[in-house]
Amino acid sequence: MSYTALYRKYRPEDFTDVRGQDHIVKTLKNQIKADRVGHAYLFCGTRGTGKTTVAKIFAKAVNCEHPVDGNPCGECAMCRAIQNGTSMNVIEIDAASNNGVDDIRQIREEVAYSPTEGRYKAYIIDEVHMLSGPAFNAFLKTLEEPPAYVIFLLATTEVHKIPVTILSRCQRYDFRRITIDMIADRLRELLDREGVEAEDAAVRYVARAADGSMRDALSLMEQCIAFYLGETLTYDHVLEVLGAVDTEVFSRLLRAIYAKDVTASIHILEEMIIQGREPGQFVTDFTWYLRNLLLVKCTDRLEDVLDMSSENLALLREEADMIENEVIMRYIRQFSDLSAQLRYATQKRVLIEIAFIRLCRPSMESGQDALADRVAYLEQQMEKGVIPAAAAAGTAGAAHGSDSVSAKRTAPPKPTMPKAIPEDVKQVVKQWRAIIAEMGGRAHVHLGKAKLSLGGDNRLMLVFDDEMDYNYAADETHKQEITDQISRRIGKEISIHVQKNESGKPAGDVYPDLEQIIHMEIEIEDI
């Protein structure tokens, strides 16, 4: 027997198996039990929420010879015929390809003939909004006064395109998006039937990515299972198959943009492109990350609205304390607009890079958002004691005529370069990015901002501008973890010293940056 897709294999066959649409199922079952079946129904809602499935179950239930509490029995001849698609009483029409007046005229001619078996002849018209204007007009009279044995079941994802004259002749039922919990429970149930092992985090991510559509969830899960056939489906596997990104990457990207670090943000994008992540999905997921960040700042009862682990929630709270509400909303507006642009763009990567540059270099634009960003950035610099370039130039110009010696004296001292760097320290500096990448999670986020310098007794010094990053690294437990990871990486023990930059200037202007020095040595050797 040929393989059947999961969403077809596990399509509900009666009302009890339909998930997330209890308000509709209960109403339809009551109508069947009370023998108050209408002549025209309109099922509205987003894709994959069960519109066509419920229409088929309803057509089966009204023709069932032995209904049970409004449900089709599934055993009688009519139920089996409808289930197998051989019944002449249920006619399915795709309005996307049968949308002309002639197609509607054919329906009008057919409804004149009563069903040869069963009680009702049911017409299921999918994507009914695709009918042309003349076709809708030709359909009006038949829809308003059909024969007593005819039921019209119309389904659409775009109800606003249907004429009011059609809407007023139908009982309208709005199908809701299915919740993440319901989709996850259904996926877990079907995975158990299929004998597939999967992590809960992987199942929930697929449920969330389905965006309220059960059919989309089953299709995505089937794609993941096929890629890792015979293996346990993990969270990382799902991210890889769907081209998605872990939240830790979004945390690094947010910090890079907030720090106005164009190079770091573009490097993160480069990593995602090399790993095969889809740029549009990357932007969409980052916009949701920003949305979650804004919710963290605006509400205390996060468990009701955010679907994430306690560890990610703690990291989100830390970042929420760093960034103002206005800045987050500005970022959300930028990336929401970008997401719409990427839908039809051919050079998606270029558009994303331009968006990063806009946010990191607000001085390049003159819009209201850019102006607010520039003012906020200047305020941050003033709070740190850093004089903006224009103000510094004006002060220097005023003092030049009276005391040029004094102007020279106020110039920031250049860091003294070390005469020799120990080989052990060199090895750590060369492999630093790999070391913190292996640590992952919060360690990767905090340690990624460290400037590597040389302290007393030729010890490796980690210098931090940000107090939150410094506090993380200075903690004895975390410090020991860093030391252990270095030992595992280079095979030697090395002493580290954690330093907070209190100078008011960037750490690179005060402490020798070993990464730049070693990189420069390598370039000279290559030459």
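Residues numbered from 1 in each chain as written. Predicted model: local features only at pLDDT ≥ 70, side-chain atom pairs only at ≥ 80, totals over all residues. Heavy atoms only, no water.

*Asks:* Let's hear about the sheet that holds strand β3 (residues 121–126): which residues, and what values?
*Replies:* The parallel open sheet is built from 5 strands, whose spatial order is β2-β3-β4-β1-β5. A strand with exactly one partner marks an edge of an open sheet, and here the two such strands are β2 (90–94) and β5 (171–174). Averaged over all pairs of adjacent strands, the angle between strand axes in this sheet comes to 15 degrees, irrespective of strand direction. Where strand β1 (residues 40–44) lies against β5, 4 bridges are found, and the strand directions are parallel. Following the sheet pairing, Tyr41 is matched in β5 by Gln171. Helix-sheet contacts for helix α3 (residues 51–63) involve β1, β2, β3 and β4 (150–156), and the interaxial angle to β4 is about 170 degrees. The sheet contacts of helix α5 (residues 101–110) involve β2, β3 and β4, and relative to β3 the element is tilted by about 170 degrees. (Pairing = 2+ DSSP bridges. Helix = DSSP H or I, 4+ residues; strand = E, 2+ residues; numbered from the N terminus. Axes fitted to C-alpha atoms, helices over the stretch in contact; angles between N-to-C directions. Contact = heavy atoms within 4.5 Å.)

*Asks:* Describe the pattern of salt bridges, with residues and values.
*Replies:* Evaluation of the coordinates by the stated rule reveals 22 salt bridges. A salt bridge links Glu194 to Lys9, with the shortest nitrogen-to-oxygen separation between them at 2.8 Å. Of this pair, Glu194 sits in helix α8 (residues 180–194) while Lys9 sits in helix α1 (residues 6–9); the two residues are 185 residues apart in sequence, bridging distant segments of the chain. Notably, a salt bridge pairs Arg255 with Asp469, separated by 3.4 Å at the nearest N-O pair. On the criterion of sequence distance, the pair formed by Arg255 in helix α12 (residues 247–258) and Asp469 in helix α24 (residues 467–474) is long-range, its members being 214 residues apart. A relative accessible area of 5% places Arg255 in the buried class. We classify Asp469 as buried; its relative accessible area is 3%. Taken together, the shared-partner salt bridges connect Asp17, Arg19, Arg186, Glu189 and Arg193 into one network. (Salt bridge = Lys/Arg side-chain N within 4 Å of Asp/Glu carboxyl O. Buried < 20%, exposed > 50% of the residue type's maximum accessible area, 1.4 Å probe, protein only.)

Worth remembering: the numbers are spatial, not functional.
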